[in-house]
Amino acid sequence: MYKNIFVLFVLFFLLGFATDLFSQNQLLTVAEQSQFESTSTHAEVLAYIEALKKLSPHIQSEIIATTTEGKEIPMLILGNPLPQGPEDLVNDKRVVIYIQGNIHAGEVEGKEASLMLARDLLTSKDESLWKDVVLLICPNLNADGNDRISTENRPYQPGPKNGVGVRHNASYLDLNRDAMKLESPEMRGVVQRVLNRWDPEISIDLHTTNGVYRQEPTTFSWMNNPNGDIHLMQYVRDQMAPKLQQTLKKKYNTENCYFGEFEMLNDSTEVYMSYAHEPRYLINYIGLRNRIAILNENYVYADYQTRVEACYALLQSLLDYTVGHRDEIKKIIQEADLRQSKSWQSDSLPNAFTYDYHVVPIPYPIEIKTYETETYTDEQGRKRMRPTSIKKTLTLPYYADYVADSSFVIPYAYLLPLSDQQVIKTLEAHGISIEKLTEDVSLEVERFDIQNLKGATRLNQGHYTQTIEGKYILENRLFKKDTYVVKTAQPLEKVLVYLLEPQTGEGFVFWNFWDKYLVPQWGNGYMAFPVYRLNKAMDLPIKNIR
C-alpha cells in the first residue's frame, strides 16, 4: 500500500514538473525560440501577451494608442493585488514602474527583454516583489516601425540574423523627439494614457546605441534637463545609479557603465559626455514632471543575445533597487512635488526657469572599458575608425550635469488671445489646465517684441524649426472675453513654460505652431506675438474650458 502511494506521489511530481516545463517552453519569446536569430512581429507580441494572461491572474492589459496604420499598442499591468486602474492605487505604498521598449524599432532588445521579464515574474514562486511594485510594460511602442523588419536595417550590428524594424514610425517621425510637440499617436498615448493616467514614479526607456566602442554590453543614464528638480536628479546620480551599477556587476555578472560618448574639449582633454538634455527626449520630459526616468542604451556591437540579456539584467537591477528603497523613492518624489507647490505660495522663493546653461562633470569620475582604435579606409574611400583587440580601461570625468547661466522668474500666468485649437489640444494632451476669461479685462502684461525670425535650412522631423529673437516690453492691454488663461501654478509648470515661452528651443515657436501668426501677408515687420506674460498674481474672472 505505502509503495503504491509513493509511486503515485512520484508520478504526480513528475507530471507537475513536466507541465511546468511544457508551459515555460510554450512561452518562449520569438528571440528565445529562434536561438536569438529573430525578433517578434507586432502580431507575435500580441499573441505572447494573450498567453501571459492565461498564465497568471496577476496581469491585465490596456490599449494606450492606435498607430497611424491602425495597430493597437497594449501596455501590460502586473501586480498582486492587480489594480484595475490607477484609482486603485490611491494611498498605495507600492512604486509604479513603467518599462518601455521599441520606441526605435530597430533597437529591439528592450522589446524581447521586457516580455521575458514579464513571463519570469509571473511564473516565479517568489511573489515578494509585488509588495513593493506595480509594473507597467509597453514592449512594442513603435509597432508600425517594428513590422518593417528587414536585414537591411542596422546592418552593422551583429544580429538578429533575420533583421529588425526601422527607427521611425509610419509617419516618419522619431518618437523620441516628440515628447513636447506630441504629433504622433504613439507619444500622445504615452503621455495621456501612461504618464497622466498612471503617473509612474519611475520610467525606463530601452534603446540600443549607434556607436562608441566599449566592452560593457549595457549602459544607462538619467534625466538631466536643468529645469527638472535638482534634488531628484542628484538622488538618481549619487544614490540610485551607483547602486544599479553595483547590482548589475555583482549580482547579475553584467559589465556596465553610464551612457555617453567620448569627446575632446578645446584643450584636448578627453572626457565622457552624456546624451542630450532637451525635453523632446522622453526621459528628460519625464524629469520635468518631477519623476525618475532612466535611459537604457545597450551596446550595438555586442551580439544580439548578449544585448537582450544585458537589458534584462538592468531591468532586474532596477526592480531590486526599488524593492530595497520603496519608501525612500516615494518620499523623494513627494518632496520634489512639495518644493514646487511651495514656490507657488512664496514671493521670496519664486520658481525660476533656466533658458541658457552649460554642462559640467558630475562629482565623481567614472570608469569605461573600451578598446584601442585604428584608422582604415572603407570601400568608398572614407577614413574610418575601428576597434582593435587591445582592451583598455579609462577613468574620465562624466559630463552630465547642466548648470544655469541665465534664467527668469516664471510668471503668474500666460494669456493667449488666439483660439488655435492645435495649440490648445496639445496643451491639454500634456495634462495642462487651461481657463478662459468670462469678461473683458484690462491688464498690465509683458509682450514679446519680435526682432528677428529665422527658419532652419534643413528639415527636422518634418519642420523647418524656428529661431526667434526679441525682447519683452511692459504694456497695458485689453483682453477680450474667452481669452485663454494658463496659470503656471500647476504640476506641469515647467512643461507649459517650455511650450509657451518663445525662446526655449522646444516650444510652439520652435516647432512652427505659431508660424501663420508671426509674419503679415503683406509688408515688412512682424505681427504681435500671441502669448503674453501676466507677472502679478490676481483674481481673474475665469472658468475652466472643459
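Asks: Would you explain the pairing of strand β4 (residues 133-138) in this entry?
Replies: In the case of a regular strand, side chains alternate between the two sheet surfaces. With six of six residues buried, β4 lies mostly within the body of the structure. Every second residue of β4 is oriented toward a common face, with Val133, Leu135 and Ile137 on one face and Val134, Leu136 and Cys138 on the other, all of them buried. In terms of strand pairing, strand β2 (residues 72-78) meets β4 through three bridges, oriented antiparallel. When the sheet's bridge partners are listed, Ile77 is paired in β4 with Leu136.

Asks: Before we go on, may I ask you to explain the side chain of Glu32 in this structure?
Replies: By the element assignment, Glu32 lies in helix α2 (residues 30-33). Classification of Glu32 by relative accessible area gives buried; the value is 15%. Among the polar contacts listed, one links the side chain of Glu32 to the backbone nitrogen of Thr29, at a separation of 2.8 Å. Filtering out sequence-adjacent residues up to four positions away, Glu32 remains in contact with Leu27, Met116 and Arg119.

Asks: In this structure, what is going on with the sheet that holds strand β19 (residues 484-487)? I would like to understand it.
Replies: In a beta sheet, neighbouring strands pair by backbone hydrogen bonds and run either parallel or antiparallel. In spatial order, the strands read β18-β17-β20-β15-β19-β16-β21; together these seven strands make up an open sheet with antiparallel pairing. Among the strands making up the open sheet, the edge pair consists of β18 (466-479) and β21 (542-544). On average, adjacent strands in this sheet sit at an angle of 30 degrees to one another, irrespective of strand direction. Two strands pair when backbone bridges link them, and strand β17 (residues 441-455) and strand β20 (residues 532-534) are joined in this way by two bridges, in the antiparallel orientation. Across the sheet, Glu446 pairs through a bridge with Arg533, a residue of β20. The strands that helix α12 (residues 493-500) touches are β15 (413-416) and β19; relative to β15, the one it contacts most, it runs at about 40 degrees.

Asks: Even after reading the chapter, I still don't get the environment of Trp344, so can you show me in this structure?
Replies: Among the structural elements, Trp344 can be located in helix α10 (residues 326-344). By relative accessible area, which is 30% here, Trp344 ends up partly exposed. Between the C-alpha atom of Trp344 and that of Ala537, which follows or precedes it by 193 residues, the distance is 10.0 Å. Among all residues touching Trp344, those that are not within four sequence positions of it are Asn351, Thr488, Ala489, Gln490, Pro491 and Glu493.

Asks: What is the right way to look at the nonpolar core in this model?
Replies: Note that soluble globular proteins tend to have their nonpolar side chains buried in a common cluster. Core analysis: the biggest nonpolar cluster contains 137 residues, and Ile64, Leu135, Ile292 and Trp514 have the highest contact counts within it. Ranked by residue count, the leading element in this core is helix α9 (residues 304-324), at ten residues. Here Trp514 is in contact with Leu416, Asp420, Val423, Phe508, Val509, Phe529, Pro530 and Val531, once residues within four sequence places are set aside. Counting 13 residues, the second-largest nonpolar core is a separate cluster that includes Tyr412, Leu437, Leu443 and Tyr532.

Asks: Is there a simple way to explain helix α11 (residues 421-430) in this structure?
Replies: Turn by turn, an α-helix covers 3.6 residues, leaving residues three or four places apart pointing in a common direction. The set of residues buried in α11 consists of Val423, Ile424, Thr426, Leu427, Ala429 and His430. Buried residues along α11 sit in contact with α6 (185-198), α8 (282-288), β15, β19 and α12. Regarding α11, its N-cap is Asp420, as a side-chain oxygen of that residue lies 3.1 Å from the backbone nitrogen of Gln422 further along. Looking at the residues trailing α11, positive phi occurs at Gly431, about 100 degrees.

Asks: Sorry, what's going on with the packing of aromatic side chains here?
Replies: What describes a pair of aromatic rings is the distance from one ring centre to the other and the angle between the planes of the rings. In the structure shown here, the tally under the stated rule is 21 aromatic pairs. Seen in terms of ring centroids, Trp222 and Tyr258 are 5.0 Å apart; in terms of plane orientation they differ by 90 degrees. Their pairing is edge-to-face. Residue Trp222 is found in strand β6 (residues 218-222), and its partner Tyr258 is found in strand β7 (residues 256-258); the two are separated by 36 residues along the sequence. For the pair shown, Trp222 and Tyr258 are each scored as buried. Considering the side-chain rings of Phe510 and Trp511, the 4.9 Å spacing of their centres and the 90 degrees angle between planes classify their relative orientation as edge-to-face. Among the residues examined, Phe510 registers a relative accessible area of 14% and is labelled buried. Overall, Trp511 belongs to the buried group, its relative accessible area being 2%. Taken together, the aromatic side chains of Phe220, Trp222, Tyr258, Phe262, Tyr272, Tyr364 and Tyr398 make up a single cluster linked through ring pairs.

Asks: Would you explain the environment of Lys536 in this entry?
Replies: Relative to the helices and strands, Lys536 is located in the loop between β20 and β21. Along the sequence, Lys536 and Tyr48 sit 488 residues apart, while their C-alpha atoms lie 55 Å from each other. Aside from chain neighbours lying at most four places away, what touches Lys536 is Tyr412 and Glu444.

Asks: When you look at the pattern of salt bridges in this model, what are you seeing that I'm missing?
Replies: Where charged atoms from two side chains of opposite charge approach closely, those side chains can pair. Summed over the entire model, instances satisfying the criterion amount to 40 salt bridges. A salt bridge links Asp199 to Arg291; the shortest N-O distance between them is 3.0 Å. Residue Asp199 is found in the loop between α6 and β5 (202-208), and its partner Arg291 is found in the loop between α8 and β10 (292-298); the two are separated by 92 residues along the sequence. For Glu428, the salt bridge is made with Arg546, and the minimal N-O distance between the two is 2.7 Å. One end of the pair, Glu428, is in helix α11; the other, Arg546, is in the segment after β21, and 118 residues separate them in sequence. Accessibility expressed as a relative area gives 25% for Glu428, which makes it partly exposed. One connected set of salt bridges, linked through shared partners, spans Glu107, Arg154, Arg167, Asp174 and Arg177.

Asks: What is the right way to look at the sheet that holds strand β3 (residues 95-100) in this model?
Replies: Spatial ordering of the open sheet is given by β1-β2-β4-β3-β5-β10-β6-β7, a layout of eight strands whose pairing is mixed. Looking along the sheet, the strands with just one partner apiece sit at the ends: β1 (59-66) and β7. Direction aside, the axes of adjacent strands within the sheet are offset by 20 degrees on average. Of the strands in this sheet, β1 and β2 are in contact with helix α3 (residues 42-55), which crosses β2 at around 30 degrees.

Cut-offs and rules
- Residues numbered from 1 in each chain as written.
- Predicted model: local features only at pLDDT ≥ 70, side-chain atom pairs only at ≥ 80, totals over all residues.
- Heavy atoms only, no water.
- Buried < 20%, exposed > 50% of the residue type's maximum accessible area, 1.4 Å probe, protein only.
- Helix = DSSP H or I, 4+ residues; strand = E, 2+ residues; numbered from the N terminus.
- Pairing = 2+ DSSP bridges.
- Polar contact = N/O pair within 3.5 Å; in protein donor to acceptor, adjacent residues only side chain to side chain.
- Contact = heavy atoms within 4.5 Å.
- Axes fitted to C-alpha atoms, helices over the stretch in contact; angles between N-to-C directions.
- Core = buried A, V, L, I, M, F, W, Y, C linked by side-chain atoms within 4.5 Å.
- Phe/Tyr/Trp six-rings, centres within 6.5 Å; stacked < 30°, edge-to-face > 60°.
- Salt bridge = Lys/Arg side-chain N within 4 Å of Asp/Glu carboxyl O.

Coordinates in, geometry out; function isn't part of it.
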